Amino acid sequence: MPFIVKERGFPMAITNTMRFCTDSFGVTDESGSTAPFNKQALLISKVPLDCTGKSEVTRFSIAGAEPTGTKRRIIFQIDGKYYRFLNGNLSEFTYEFNRANVLRYGNSVAGLLELENITAFLNKKVYPIIALEAPSTADDMPSIRMTLYTKVSNDVLTKTEESLVYEIATSDKMPTITEITAETALTGGGSVDIKVRLRGSDETWGDYMALASAANKQAGAVQFKFTYKVTTADGSDSAAVNSITINHTTGKAIVVGDNADLYSVVANYEVPLQLCYVVVHHEPLQDAYIDAYVNFMKAPKHRELIQIGTATGSRQELVLGVDGVADTGILTSSIRLYADGDPLTNFSYNSEVSTVVLSAKKNAVLYASYDYNHDSEVWRKMTKDAAQPYNDAEGTYMSRYTYQLPDSDATGKVIANVRLHLVKRTGTASNTKIGVGTGKKQMFALQHKYKSSTIKFNPACDWTFEEASKILTVVAAKNSNIVISGKWEGIAPVVRSFAAGFAVA
């Protein structure tokens, strides 16, 4: 299992991470026995504990666990140099900076908790560096959460800070942001205003904007600015940001909603059709589905170069039809107008009354060609067979759909096309029991892909969730029920290709 680092106020960069599952690791001797070894990790803060502008740095608060046989050691980076505390005083770390030396010579948690009035941190930005160690046979791993308590001489009711830069582009294709949402915790008169700025394909940053304004914009990276406000400093007001969720495309598709439709070309097969087959090659469907529909229509009637009037030299409105009777069901894309044989392209069409508005040279004879009595679309849901593996290296599938028109409805249906309806499902889990706590780390493969920002546990526990793999890691009290609530969403269907075939009546 990986080391768990709990942090408050500063995210950690893991420079040495190892994940252990059920395999045996160690040095094997001649007898075949495996000797245990020590797991180690070095974690370096990317964001400092900011003591600038503070009048006092009162003490540390360090939570987490250091089970028997494990070790937690801490040093600090200030102004580009490394330091530790010796006899209560900040002293430069003179040993070579590496994991082994931090474990050997760094400060213990107990030693840091004894410190009070830490004047050496005043007006400094302090970057903690944490080394962890545990035997490979240990059941429980060390964990840590560090907080620094400070004071200011005057009440501070407004505070503005910027986040790290978060890269969201994983390839040369620029993602499109679909939504950015934030979960905040406010009490009393506390408030927080969150802005975001985007880095574009030209590697330049834009201005900070409201989260909603980032929707449908492309970005390779994002950065946030938080402005916290309270009305009083007596502790009755507070404001915090619990999480921010960025939803964005991955460059595979331009459709980013919960559903989408793909249409084939409308074609006239010139013979009556009755049976349709559709085969779809797609990636595995996860909380998503694909429906197929087919549309059969009769061929429209056609008017070829009928005279509709004589030009006045000014804009005029003319009826498309014969003997003053308007034709209905005119296919707009089929309309062609001519003045004395020359094509007219600058005209408008009113489908409600079947008229065109145009302007041509005075006394020119006006003609029109178009299709009319166009059949209405009727989308008929096709029957889906069970999806079959495509037997390729990427694990894709083939789904087959069929539909047969009733004999009574098949006469003259020579035109057809198909539509694929792609749906990404969404849902909510409320107080769903997924297991019982052991007091140690447990991993669950969840059925759904939850939005991390919506996950809640009752009772509360320590957890992490990998959305890509749907793996939940939980540390819950022994014999307590692990009960989860939250919102989940499927993965948008990805269609590689599809083909449609038709058979005659």
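Residues numbered from 1 in each chain as written. Predicted model: local features only at pLDDT ≥ 70, side-chain atom pairs only at ≥ 80, totals over all residues. Heavy atoms only, no water.

(A) Broad picture of the overall build of the protein. Helix and strand counts for the protein come out as two helices and 42 strands. Taking 2.2 N^0.38 as the reference for a compact globule, 505 residues should give roughly 23 Å; the C-alpha atoms of the protein span a radius of gyration of 34 Å, well beyond that estimate. The buried share of the protein, taken over its 505 residues, is 36%. Restricting the contact set of the protein to residue pairs at least 6 apart, pairs at least 24 apart contribute 79%. (Helix = DSSP H or I, 4+ residues; strand = E, 2+ residues; numbered from the N terminus. Rg over C-alpha atoms; globule rule 2.2 N^0.38 Å. Buried < 20%, exposed > 50% of the residue type's maximum accessible area, 1.4 Å probe, protein only. Contact = heavy atoms within 4.5 Å.)

(B) Expanded view of the environment of S143. Within the fold, S143 resides in strand 11 (residues 143-151). Judged by relative accessible area, which is 9%, S143 ranks as buried. Residues S143 and K71, spaced 72 residues apart in sequence, show a C-alpha to C-alpha distance of 9.7 Å.

(C) Representation of the sheet that holds strand 16 (residues 221-229). Read from one edge of the open sheet, four strands run 12-16-14-15, paired in antiparallel fashion. Taken across any chain shown, the strands that pair with only one partner, and hence form the sheet edges, are strand 12 (158-167) and strand 15 (209-210). As defined by bridge partners, strand 14 (residues 191-199) adjoins strand 15 across two bridges and the pair is classed as antiparallel. Note that in strand 15 the partner of K195 across the bridge is A210. (Pairing = 2+ DSSP bridges.)

(D) Main features of a nonpolar patch on the surface. A cluster of nonpolar side chains, namely Y269, V271 and V504, defines an oily patch on the protein surface of about 260 Å² accessible area. For V271, the location among the structural elements is in the loop between strand 19 (267-268) and strand 20 (273-282). (Patch = residues over 30% accessible without salt bridge, like charges linked within 9 Å, V, L, I, M, F, W, Y side chains within 5 Å. Areas by Shrake-Rupley, 256 points an atom, 1.4 Å probe, with all protein chains shown as cover. Salt bridge = Lys/Arg side-chain N within 4 Å of Asp/Glu carboxyl O.)

(E) Region of the structure containing the pairing of strand 30 (residues 365-372). In terms of burial, strand 30 is a largely internal element, six of the eight residues being buried. Alignment of strand 22 (residues 301-310) against strand 30, held across seven bridges, turns out to be antiparallel. Residue pairing for strand 30: K301 is matched across the bridge by Y372. As paired elements, strand 26 (residues 336-339) and strand 30 share four bridges and run antiparallel to each other. By the bridge assignment for strand 30, A339 is matched with L366.

(F) Structural view of the pairing of strand 35 (residues 413-424). Of all twelve residues in strand 35, twelve are buried, a share of seventy percent or more. Judged from the five bridges that link them, strand 18 (residues 259-263) and strand 35 form a sheet pairing that is antiparallel. Following the sheet pairing, N259 is matched in strand 35 by V423. Relative to strand 35, strand 19 is paired through two bridges, and the arrangement is antiparallel. Note that in strand 35 the partner of A267 across the bridge is A416. Pairing of strand 21 (residues 288-298) with strand 35 involves eleven bridges; the strand directions are antiparallel. Looking at the pairing, K298 lines up with K413 of strand 35.

(G) Looking closely at the packing of aromatic side chains. Per the counting criterion, the structure on display carries 17 aromatic pairs. A ring pair is formed by Y82 and F97, whose centres lie 4.2 Å apart and whose planes are at 10°; its orientation type is stacked. Of this pair, Y82 sits in strand 8 (residues 81-86) while F97 sits in the loop between strand 9 (89-92) and helix 1 (99-105), placing them 15 residues apart in sequence. The interplanar angle of 70° and the centroid separation of 6.2 Å between the aromatic rings of Y370 and Y372 together place this pair among those described as edge-to-face. (Phe/Tyr/Trp six-rings, centres within 6.5 Å; stacked < 30°, edge-to-face > 60°.)

(H) Molecular detail of the pattern of salt bridges. Within this structure, the stated rule accounts for 19 salt bridges. A salt bridge links D79 to K124; the shortest N-O distance between them is 2.9 Å. Placement of the pair is D79 in the loop between strand 7 (71-78) and strand 8 and K124 in the loop between helix 2 (109-113) and strand 10 (125-135), with a sequence separation of 45 residues. The shortest N-O distance in the salt bridge between K451 and E489 comes to 3.8 Å. Of this pair, K451 sits in the loop between strand 37 (441-445) and strand 38 (456-457) while E489 sits in strand 41 (residues 481-489); the two residues are 38 residues apart in sequence, bridging distant segments of the chain. Judged by relative accessible area, K451 falls into the partly exposed class, the value being 23%. For E489, a relative accessible area of 14% gives the class buried. Each of the salt bridges in this network shares a partner with another, and the network as a whole consists of E66, R72 and R73.

(I) How the structure looks around the sheet that holds strand 40 (residues 471-475). Spatially, three strands are ordered 37-40-39 in an open sheet, and the strand pairing comes out antiparallel. Since the sheet does not close on itself, it has two edges, and those belong to strand 37 and strand 39 (462-466), each with one partner. Recorded for the sheet is a direction-independent mean angle of 15° between the axes of neighbouring strands. One ladder, built from five bridges, connects strand 37 with strand 40; its direction is antiparallel. (Axes fitted to C-alpha atoms, helices over the stretch in contact; angles between N-to-C directions.)

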